[in-house]
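Listed here are the chains, written in short residue letters.
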Amino acid sequence: MMKVKNIIFIGFMGSGKSTIARALAKELDLVFLDSDSLIEAKFDQKVSEIFKEKGEGFFRQEEQKVANFLCSCNGGSIASGGGFIHVLDFDKIGFCVYLKASFEYLKKRLSESEIAKRPLFYDEVQAKRLYNERLNKYEQKANLILDVENKSIDELVIEIKKVIK
Ligand code: S3P
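A quick note: this is a predicted structure, and the numbers were derived from the prediction, not measured. (Residues numbered from 1 in each chain as written. Predicted model: local features only at pLDDT ≥ 70, side-chain atom pairs only at ≥ 80, totals over all residues. Heavy atoms only, no water.)

Colleague: For this particular structure, what's the right way to read the overall build of the protein chain?
Modeller: The helix and strand inventory of the protein chain stands at 8 helices and 5 strands. Ordered by position from the N terminus, the helices and strands of the protein chain form the series β-α-β-α-α-α-β-β-α-α-α-β-α. Against the 2.2 N^0.38 benchmark of 15 Å for 165 residues, the protein chain shows a C-alpha radius of gyration of 15 Å, consistent with a compact globule. Out of the 165 residues belonging to the protein chain, those deemed buried represent 45%. Look at the contacts in the protein chain between residues 6 or more apart in sequence, and 73% of them connect residues 24 or more apart. Across the protein chain, the 27 positively charged side chains and the 25 negatively charged ones have centroids separated by 3 Å. (Helix = DSSP H or I, 4+ residues; strand = E, 2+ residues; numbered from the N terminus. Rg over C-alpha atoms; globule rule 2.2 N^0.38 Å. Buried < 20%, exposed > 50% of the residue type's maximum accessible area, 1.4 Å probe, protein only. Contact = heavy atoms within 4.5 Å. Lys, Arg positive; Asp, Glu negative; His and termini not counted. Charge placed at Lys NZ, Arg CZ, Asp CG, Glu CD.)

Colleague: What should I look at first to understand the sheet that holds strand β4 (residues 95-100) in this one?
Modeller: In any sheet, the strands associate via hydrogen bonds between backbone groups, in a parallel or an antiparallel arrangement. In spatial order, the strands read β2-β3-β1-β4-β5; together these 5 strands make up an open sheet with parallel pairing. In this open sheet, the two strands that pair with only one neighbour each are β2 (31-34) and β5 (144-147). For this sheet, the mean angle separating the axes of adjacent strands, direction not counted, is 20 degrees. The pairing of strand β1 (residues 7-10) with strand β3 (residues 76-79) spans 3 bridges and is classified as parallel. Each residue of the ladder has a partner; that of F9, found in β3, is A79. (Pairing = 2+ DSSP bridges. Axes fitted to C-alpha atoms, helices over the stretch in contact; angles between N-to-C directions.)

Colleague: Help me understand the pattern of salt bridges in this model?
Modeller: Where side chains of opposite charge bring their charged atoms close, a pairing between them can arise. Applying the stated rule across the entire model yields 14 salt bridges. Residues D89 and K92 are paired through a salt bridge, measuring 3.2 Å at the closest nitrogen-oxygen approach. In the salt-bridge network here, residues are joined through shared partners; they are K42, E62 and K65. (Salt bridge = Lys/Arg side-chain N within 4 Å of Asp/Glu carboxyl O.)

Colleague: Explain the nonpolar core to me, please; I cannot follow it from the model alone.
Modeller: Nonpolar side chains tend to gather and get buried jointly when the protein is soluble and globular. Among the nonpolar cores identified, the biggest contains 54 residues, and I7, F9, F12, F84, F90 and I93 are the most heavily contacted of them. The residues contacting F12, other than those within four sequence positions of it, are K17, F103, L106, F121, A127, L130, Y131, R134 and Y138. (Core = buried A, V, L, I, M, F, W, Y, C linked by side-chain atoms within 4.5 Å.)

Colleague: Help me understand the packing of helix α3 (residues 47-54) against helix α4 (residues 56-71), please; the structure alone is not making it clear to me.
Modeller: Helix-helix packing is characterised by the crossing angle of the two axes and by the distance between the axes. Taken N-terminus to C-terminus, the directions of α3 and α4 make an angle of 125 degrees; their axes are 7 Å apart at the nearest point. On the basis of the axis angle, α3 is oblique to α4. Of the residues in α4, those in contact with V47, I50, F51 and K54 of α3 are E56, F58, F59 and R60. When the residues that make up the contact of α3 with α4 are grouped by side-chain class, the tally is 5 nonpolar, no polar and 3 charged. (Parallel < 35°, antiparallel > 145°, perpendicular 65-115°, else oblique. Nonpolar A, V, L, I, M, F, W, Y, C, P; charged D, E, K, R; others polar.)

Below is the structure:
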């Protein structure tokens, strides 16, 4: 059993939230959940298609429904989308880990196909602006801030385990 209800990963696109949430779920025998994947599964559509067809506002409403659900969950290692911090009652979901990296690092890490999946990263100037707007919000929400640059998944999992076990 973890000391905390759930652990939820936040951070900008490309910071490795899904990869680390999955690795931690295996390590601590938790349930791995991913807010983007839950929404994609509901509509059988990729996030980029949902944005294009239904709009960002629609996607944000779906994120809120996922958040409401997560508030009543236990034992999850949860990857959230980069904008998920804006949902109401975010603080009720669980222990929040912010995966922090510089914009330059994230940009280098994301391949063209990874950028194609992310409508809010298509335009680099806008993505940089969004990054700057979000920085403070991520820090405010975080119970733990981890600098992910040049660290392996294993190293990060060890650091998280020290804090939550
Ligand atoms: C978004 C991040 C994406 C996805 C959507 C919007 C954002 O998730 O939820 O494209 O607002 O930052 P990732 O952070 O997993 O790329």
